[in-house]
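Listed here are the chains, written in short residue letters.
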Amino acid sequence: MQVVQYYLDQIVDQSQLNVFLEVFSTEALTKAMELDEQLRTRPDAPRGKLFGVVIGIKDVICYKGHKVRAASKILGDFESVYSATAVERLLAEDAIILGSLNCDEFGMGSTNENSAFGPVRNAYDQTKVPGGSSGGSAVAIQADMCMIALGSDTGGSVRQPASFCDVVGFKPSYGRISRHGLIAYASSFDQIGLLTKSVEDAALSLEIMAGPDAYDATCLQEEPVTYSQLFHPSHSSDKPLKIAYIQQCLDHPGLDPEIRENMRAKIDQLTQAGHKVSAVDFPYMDQIVATYYILTTAEASSNLSRYDGVHFAYRAKDTKNLEEVYTKTRTAGFGMEVKRRIMLGTFVLSAGYFDAYYGQAQKVRRILQTTSDKIYEAHDLIVLPTTTSTAFELGAKQDPVSVYLSDVFTVLANLIGSPAISLPLFKHSNGMPYGLQLLTKRGADAALLSAAHQISSMRV
Ligand code: GLN
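Reference entry: report on the structure contained in this document. (Residues numbered from 1 in each chain as written. Predicted model: local features only at pLDDT ≥ 70, side-chain atom pairs only at ≥ 80, totals over all residues. Heavy atoms only, no water.)

Things to note about the overall build of the protein chain
Per the secondary structure count, the protein chain includes 15 helices and eleven strands. Its C-alpha atoms give the protein chain a radius of gyration of 21 Å, within 12% of the compact-globule value 23 Å for 460 residues. Principal axes of the C-alpha set define a box for the protein chain whose edges measure 70 × 70 × 45 Å. Looking at the protein chain residue by residue over its 460 residues, the buried ones come to 58%. (Helix = DSSP H or I, 4+ residues; strand = E, 2+ residues; numbered from the N terminus. Rg over C-alpha atoms; globule rule 2.2 N^0.38 Å. Buried < 20%, exposed > 50% of the residue type's maximum accessible area, 1.4 Å probe, protein only.)

See the structure below:
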């Protein structure tokens, strides 16, 4: 119980960071008391693998009987009628869910400024953004408000805030964790991910949440590995890795020069440590962001059509007919960025433009997949920076396209379904942290976590 109380105090003491949208204080304390009681009265009773572990969940993940709003006004006071499979699996291992975490509305954004409940602030420097869309989840770990935070990653929303906030951000393979109970943004990209203090914490949480689920047909079908055992001395091997780095990423004109330099130094260091590191050619960096935004906005425009004032909580008042129910509800309920994306998605799917945009982007997605498969044939993993810069000032990026372009290093993993992780390995001379990103082929989550563990424990 003291542990839960500690985190509750942390949340109150740092409330200006605007991390939690709701804290389930009474419930979390009650659960903690029950667990304490079990320890006292039945010390030999079996304990879950997450016995007493305190977890925050991004406000796009359903937890039965609790509000879920996707940081949007349109969901009003809607309460989940069932729990996400991921949440059920955590609870079955005796975890304590502490509350829901702020994020960009429907996961759309890279700064957390698109939340209907105000931005989250970076605890390292409160004039800076935490990144997005899982900014609340990243700061919850950065500022020690819970032990593990769930996020979701459609194009970088776990890894980019992890990079800006100096924590581990792990997006498993597409389909590794069931999407049942995750509010949809772009269904062929969305994946629940983790923000943690260490690779070990991410591995243990994955082990519990991963695996097939009858409610999500896109789940990978193999049973999950006991990922937490990967780092056990009897399992872990320090075998040299075949590592690729993408030349075009290092040469990218938008990359902060100091990040470029430190990436080069990291590559040298990996080589000196005995790994085989080589440059690969990936000539699609200019297409990647556009492809991502065409496909995700198309999917979003369809997914978000369900918020019509009829099915869910919020409905505009003073409406004269059904058409007005739809238009007034959606006009008042959605924020600017969400509206922009619904319009963009509707446009790229519209008759006459479909082939030029959506069809073309699907073809590019296929090319990205085959090109990366070739890289994975000869390499164990790809390394690249997680972000082109460190965290920007709140309010600094007004032009949406410049924000979109900053996703250039994270969207690839989602376009090809790869697992990817951001490791908090670097500090910039401006005082802010940034991450090293690793990718492996879809399904190879265990290999990725092993490599991440190996690389993050390298002596510098
Ligand atoms: N920044 C990206 C976007 O706005 C990624 C978001 C996400 O991964 N949910 O689409």
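Don't stop here, the text continues.
Observations regarding the site of the ligand
Taken together, 15 residues lie around the ligand, and Thr154, Gly155, Ser157, Tyr185 and Tyr292 are the ones closest in. In this structure, Gly155 approaches the ligand through a main-chain N or O atom, which is 2.6 Å from an oxygen atom. One nitrogen or oxygen atom from the side chain of Arg341 is found 2.9 Å from an oxygen atom belonging to the ligand. With the chains in place, 99% of the 290 Å² that the ligand exposes on its own is no longer accessible. In terms of residue class, the shell around the ligand is built from four nonpolar, eight polar and three charged. (Near = heavy atom within 4 Å. Polar contact = N/O pair within 3.5 Å; in protein donor to acceptor, adjacent residues only side chain to side chain. Areas by Shrake-Rupley, 256 points an atom, 1.4 Å probe, with all protein chains shown as cover. Nonpolar A, V, L, I, M, F, W, Y, C, P; charged D, E, K, R; others polar.)

Things to note about the packing of aromatic side chains
Tallied over the full model, the rule gives 17 aromatic pairs. Consider the rings of Tyr307 and Phe312, whose centres lie 5.2 Å apart with planes at 40 degrees: the pair is tilted. Residue Tyr307 is classed as buried on the basis of its relative accessible area of 4%. For Phe312, a relative accessible area of 24% gives the class partly exposed. Taken together, the ring pairs connect Phe78, Phe106, Tyr307, Phe312 and Phe334 into an aromatic cluster. We note Arg47 situated over the ring of Phe51; from NZ or CZ to the ring centre the distance is 5.7 Å. Across from the ring centre of Phe189, 4.1 Å away, lies the NZ or CZ of Arg365, which sits over that ring. (Phe/Tyr/Trp six-rings, centres within 6.5 Å; stacked < 30°, edge-to-face > 60°. Lys NZ or Arg CZ within 6 Å of the ring centre and 35° of its normal.)

Some details on the state of the cysteines
Applying the stated criterion to the full structure yields zero disulfides. The cysteine Cys146 is free of any disulfide, with Cys165 supplying the nearest cysteine sulfur at 13 Å. (Disulfide = S-S within 2.5 Å.)

What about a nonpolar patch on the surface?
On the surface, Val310, Leu322 and Tyr326 cluster together into a nonpolar patch covering about 260 Å² of accessible area. Tracing the chain through its elements places Leu322 in helix α10 (residues 322-333). (Patch = residues over 30% accessible without salt bridge, like charges linked within 9 Å, V, L, I, M, F, W, Y side chains within 5 Å. Salt bridge = Lys/Arg side-chain N within 4 Å of Asp/Glu carboxyl O.)

Here's the deal with the environment of Glu113
With respect to the helices and strands, the residue Glu113 is situated in the loop between β3 (96-101) and α4 (135-142). With 315 residues separating them along the chain, Glu113 and His428 place their C-alpha atoms 23 Å apart. Once residues lying within four places of it in the same chain are set aside, the contact partners of Glu113 are Asp104, Pro119, Val129, Leu394 and Gly395. One polar contact links Glu113 to Thr111, side chain to side chain, over a distance of 2.8 Å. Within polar-contact distance, the side chain of Glu113 engages the backbone nitrogen of Gly395 at 2.5 Å. (Contact = heavy atoms within 4.5 Å.)

By themselves these figures say nothing about function.
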